[in-house]
Amino acid sequence: MSGRCQAGISPVGDSARVNNTAIAASGLRKAYGDRTILDGIDLTIGAGTIFALLGPNGAGKTTTVNVLTTLLKVDGGTARVAGHDIATEPDAVRAAIGVTGQFAAVDDLLTGEENLRLMADLHHLRADESKRVIADLLDRFDLVDAARKQASSYSGGMRRKLDLAMTLVTKPEIIFLDEPTTGLDPRSRRTMWEIVRELTAGGVTIFLTTQYLEEADQLADRIAVLDQGRIVGEGTPDDLKRRVPGSHIRLRFAGITELDAAARILAAATRDDEALTLRVPGDGGTKSLRDLLNRLAEHSVDADEVSVHTPDLDDVFFALTGHATTEAVAQ
Ligand SMILES: Nc1ncnc2c1ncn2[C@@H]1O[C@H](COP(=O)(O)OP(=O)(O)O)[C@@H](O)[C@H]1O
Ligand SMILES: [Mg+2]
């Protein structure tokens, strides 16, 4: 999808560098008939960061990607991608991005190497450059041994890697990965995560969609939770976790005397006499933990054990949307 003729990974483009924003979207709306699919999406994604759009099947993730990559026109709202307006400068947007979809661009009848060469030819790389870039990508993606084999013989993980390698031939500033690990086994998924992390080390911005809470948590600098075409929560993985009720600090005491003393000081706590613990609601942050321990110390009460429970992203999704990710909106 890129019109660039160089290979390798570039730093962020000039326009993105000025305000340090790779993608800025405001009020994106899309409807099919009377059915609203995107219901006012606002996004700001910093250059060189990994952004995850997290949501269940049918939430509108692919529609958002299609809009931002200029494959689909919006009914309302605006967006700039790599500094270019998606509506008025679609060619410039396309020249700056790479897209790896749920349905790979890999040609099964070609070998891995031939797929890469096809990409290089499409983008008019010089022969010597093409050779160098292809060798480099095959090596980086651990596809050297499979290079001369037909893609139809590749495993799911190998196909995803080849698909992403094909995107990189054109040196995109921003890469869209629509559910890059759906259907992959855990080992291939981890390999993919490593590759994504390496890409940002080279300055590339990643926009990924996922249904996997762990994936967003592992990879993303910022996460937006998408539910039925609306963003219902946005922040760092830790921000989101902290916003969910249920964050608490658990204190365990040596005996009932200490527990009694602490319970008098911390009136909001829930006590468990058997476990000799107090559960104190809080935001899971370091300040509230420090305040809590200071209050105990002022009364010369010591806890034997202190642990902070921060909910995982499953809890986050449930808290934000009122339903679990498995209760997906109908396709
Ligand atoms: N061309 C289309 N016509 C009508 N409805 C569509 C079309 N494309 C997608 N949808 C609907 O829009 C909703 C969001 O789809 P999609 O963006 O693919 O979600 P996701 O990628 O999060 O699974 C779904 O309910 C889907 O059925
Ligand atoms: Mg999708």
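Anyway, here's the lowdown on the structure attached to this text. (Residues numbered from 1 in each chain as written. Chains lettered and ligands numbered in written order. Predicted model: local features only at pLDDT ≥ 70, side-chain atom pairs only at ≥ 80, totals over all residues. Heavy atoms only, no water.)

A separate point is the nonpolar core. Core analysis: the largest hydrophobic core is formed by 44 residues, its most contacted members being Leu 116 and Ile 206. In contact with Leu 116, other than residues within four places in its own chain, are Ile 134, Leu 137, Leu 138, Leu 162, Ala 165, Met 166 and Val 169. In this structure, Ala 22, Ala 25, Val 81 and Ile 97 belong to the second largest nonpolar core, which totals 27 residues. (Core = buried A, V, L, I, M, F, W, Y, C linked by side-chain atoms within 4.5 Å. Buried < 20%, exposed > 50% of the residue type's maximum accessible area, 1.4 Å probe, protein only. Contact = heavy atoms within 4.5 Å.)

Once that is clear, we can look at helix α10 (residues 256–265). Among the residues of α10, those classed as buried are Leu 259, Ala 261, Ala 262, Ala 263 and Ile 265. Buried-residue contacts for α10 involve β12 (270–272), β13 (277–281) and α11 (286–298). (Helix = DSSP H or I, 4+ residues; strand = E, 2+ residues; numbered from the N terminus.)

Next up on the list: the site of ligand 1. Around ligand 1, a shell composed of 13 residues is seen, among which Arg 35, Gly 58, Lys 61, Thr 62 and Thr 63 lie nearest. One of the backbone nitrogen or oxygen atoms of Gly 58 is found 2.7 Å away from an oxygen atom of ligand 1. Here an oxygen atom of ligand 1 sits 2.5 Å away from a polar atom, N or O, in the side chain of Thr 63. Summarising the interface, the protein chains cover 71% of the accessible area of ligand 1, which totals 570 Å² for the free molecule. Among the secondary structure elements, those contributing two or more residues to the shell around ligand 1 are β2 (35–46) and α2 (61–68). In terms of residue count, the dominant contributor to the shell around ligand 1 is α2 (three residues). For the shell around ligand 1, the residue count by class is five nonpolar, six polar and two charged. (Near = heavy atom within 4 Å. Polar contact = N/O pair within 3.5 Å; in protein donor to acceptor, adjacent residues only side chain to side chain. Areas by Shrake-Rupley, 256 points an atom, 1.4 Å probe, with all protein chains shown as cover. Nonpolar A, V, L, I, M, F, W, Y, C, P; charged D, E, K, R; others polar.)

Glancing now at the packing of helix α6 (residues 156–168) against helix α7 (residues 186–201). It is at 10 Å that the axes of α6 and α7 come closest, and there the two elements cross at 15°. In this view, α6 runs roughly parallel relative to α7, as classed from their interaxial angle. Remark: the crossing between α6 and α7 carries right-handed chirality. Here Gly 157, Arg 160, Lys 161, Leu 164 and Leu 168 of α6 lie close against α7, whose contacting residues are Ser 188, Thr 191, Met 192, Ile 195 and Leu 199. Broken down by class, the residue content of the contact of α6 with α7 amounts to five nonpolar, three polar and two charged. (Axes fitted to C-alpha atoms, helices over the stretch in contact; angles between N-to-C directions. Parallel < 35°, antiparallel > 145°, perpendicular 65-115°, else oblique. Left-handed = near helix turned anticlockwise from the far one by under 90°.)

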